[in-house]
Structures are given as C-alpha cells and as structure tokens.
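This is what each chain is made of:
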Amino acid sequence: MQLGEECRDCLYRSQSARVLNEPDSEKKERFLREIRQLTKTYPSESASPLLMRAIDRKHREIFGHSLDYSEEKVRFNRLFLDMEEKIEDEVFHVEEPLKRAIQYARVGNLIDFAKLTVVDEGQVNRLIDIADRQNVEEDVYLRLLNDLKEARRLVYLLDNCGEIVFDKILIRTIRRYYPGIFITVVVRGKEIINDVTKKDSVQVGLDRIVEVIDNGTDIPGTYLKEIGKECREKMEKADLILSKGLGNFETLSGCGMNIYYMFLCKCRYFADKFHLKQWESVLTNERLLSF
C-alpha cells in the first residue's frame, strides 16, 4: 500500500515521543530533525513498515542503538500470559470456538508502538472485554472454514508482542479442530519496535507447540522482496496464510496469495477503507480486496 500523509505524521509522532527523555539534547534534536525530513520525503510507493525501518536505522546511526521496546515487550507478554488460561477456557466453551479465538486474536492487535505513542493496560482490558461483540465477517469466516477443511499447510504471520499469546490460543484452536494441518509460525528476523522475534515466541511458549521460523528482515511487516528463502518457500507452498496486524497487511496486500488478514483499525485511514469505525476489527481475504 502507498504511504499517505496520515501514515507519515503518525510515525513521526509515535517515534519522536520515544526520545523525549534522551539526555543528549544535541543528538535528540538531530534525530527529530532528520526523521521529520525522512517522513516528509520517503517515497510514496513504499509501505509504512519500510519507513519505520528507516526511522529505526536513523536512531541507530545517531544514538548507537535501535529504538528500545524491550520493557514493553516483556510487560505485555506477561500481561497476556496472565490471561491465557481464562481466555482459552472461554474459547473452548462457546458454540463456535474458532470464531471466538479470532475475535480475541484481532483485538490483541492493539499492542502496536509504531502507530500508538502509548498503550496502557486499561485500553487492552477494555477491548478484551468487548472482544465477543466485535463482528466477524460471515462470508470471509465461512470461506476460511472451507479452506481449513482442505488445507495441509498453513503459515501464520505474527505481529506484535502480547497479542502473540492470543495468537497461540487461535493456533491451538485450529490444531484441535483441524489436526491434519501443519502450521508454521513466522516472526521478524531482527528486533524492530515491539514486533515478535524468536525470543518472544520462546517467552510465551509458542515454540513448544508449533514450528517457528523468522522472515530474515528487520521490517515490521512481510516484505516479499526481502524475506528469506525459507520464509518465501513456506508461504508459496502454504494452502492458506493467516496474517496478523497492519504491518503485514500493508506489505502484502496486492500479492494475490490466499491470505486472511486479521487486525484492528487503529487509525481513521484503515477504518474508512473498510467502512468501519475506529477500533473495530477486520477479517478479510487478500482475494476479496477491492482497493
């Protein structure tokens, strides 16, 4: 997807806020000045995850290290792990466990420090409390059920920390009702904002239930031009792909693969695109997109 003005401003606001407490005022001013110029001039044909990587590299150039989200990652992984047993118990005691697991996986997508300056636990809990009221697009859901019945290989593209616990519940649900499917989970190849890496998958125990590979890049998305050979082969051979988050959607939309996108409309731009209200959830298929 093309990079719009709203995306440029959003990334500038969220990432400039990360350096407000930096003690070196000269470096801080340089960083703010240079990422302002970067967000203004970055090519429009590029997706916002590529701009986010460029901002992170600029931070490394000026401060000597990447933007640090390690504290947030650990905190939200622990927060969601504390909910895991309760949420999973609910999922397996409703009439349609897969649909409920999708609802939870989508609202968990709130944990996004690229687009949001601050995410607090109160926001998370409020969204989780109304997860079962978030509409699941019936035609897309039925299409997904049909694909799952026929599938032998599924790739699940992860997004952010915290929410991966709910992804883990959705994966367990799929394995329970479709035991013949081999599932591969894909994480980021390197640390970038609060996106999931192999380290996070180990922290939440995801590596113990499913194959975990990385995509070989430091982009907060799945950019087909740069992903590693193993990741590309897994995606090309998959019968279907489940994709979490806006970063994956922005880098993959238009590719034509059989991808089911799940994310939360955290900004007006995507809410308008899908004719939804801000903070509502999306389940859609790549081959059904009309824009």
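Residues numbered from 1 in each chain as written. Predicted model: local features only at pLDDT ≥ 70, side-chain atom pairs only at ≥ 80, totals over all residues. Heavy atoms only, no water.

Undergrad: Even after reading the chapter, I still don't get the packing of aromatic side chains, so can you show me in this structure?
TA: Within a pair of aromatic rings, the relevant descriptors are the distance that separates the centres and the angle that separates the planes. For the structure shown, the criterion picks out 10 aromatic pairs. When the ring of Phe263 is compared with that of Phe270, the centres are 6.3 Å apart and the planes differ by 70 degrees; the resulting orientation is edge-to-face. Owing to a relative accessible area of 1%, Phe270 belongs among the buried residues under this scheme. Through a chain of ring-to-ring contacts, the aromatic side chains of Phe249, Tyr261, Phe263, Tyr269, Phe270 and Phe274 assemble into a single cluster. (Phe/Tyr/Trp six-rings, centres within 6.5 Å; stacked < 30°, edge-to-face > 60°. Buried < 20%, exposed > 50% of the residue type's maximum accessible area, 1.4 Å probe, protein only.)

Undergrad: Quick question: what am I supposed to make of the packing of helix α4 (residues 70–91) against helix α6 (residues 121–129) here?
TA: The angle between the axes and the distance between the axes are what describe a pair of packed helices. For the pair α4 and α6, the least separation of the axes is 12 Å and the interaxial angle reads 25 degrees. Taken as axis vectors, α4 and α6 run roughly parallel relative to one another. For the pair α4 and α6, the sense of crossing is right-handed. Across the interface between the two elements, Arg75, Phe76, Leu79, Phe80, Met83 and Ile87 from α4 touch Glu121, Val124, Asn125 and Ile128 from α6. Here the residues of the contact of α4 with α6 are counted per class, giving 7 nonpolar, 1 polar and 2 charged. (Axes fitted to C-alpha atoms, helices over the stretch in contact; angles between N-to-C directions. Helix = DSSP H or I, 4+ residues; strand = E, 2+ residues; numbered from the N terminus. Parallel < 35°, antiparallel > 145°, perpendicular 65-115°, else oblique. Left-handed = near helix turned anticlockwise from the far one by under 90°. Contact = heavy atoms within 4.5 Å. Nonpolar A, V, L, I, M, F, W, Y, C, P; charged D, E, K, R; others polar.)

Undergrad: Help me out: how do you make sense of unusual backbone geometry in this one?
TA: Peptide bonds are mostly trans, and most non-glycine residues show a negative phi. Here Ile193, not a glycine, exhibits a phi torsion of approximately 40 degrees, which is positive. With a relative accessible area of 4%, Ile193 lands in the buried category. The backbone of His275 sits at a positive phi, close to 55 degrees, despite the residue not being glycine. As for its placement among the helices and strands, His275 is situated in the loop between α12 (268–273) and β6 (281–285). Here His275 falls in the exposed class, since its relative accessible area comes to 73%.

Undergrad: Is there a simple way to explain the packing of α4 against helix α8 (residues 164–177) in this structure?
TA: In contact at an axis separation of 8 Å, α4 and α8 are set at 30 degrees when each is read in the N-to-C sense. Relative to α8, the element α4 lies roughly parallel. Handedness of the α4/α8 crossing: right-handed. Here α4 contributes Asn77, Phe80, Leu81, Met83, Glu84, Ile87, Glu88 and Val91 to the contact with α8, which in turn contributes Ile164, Val165, Phe166, Lys168, Ile169, Arg172 and Thr173. Per-class residue counts for the contact of α4 with α8 are 9 nonpolar, 2 polar and 4 charged.

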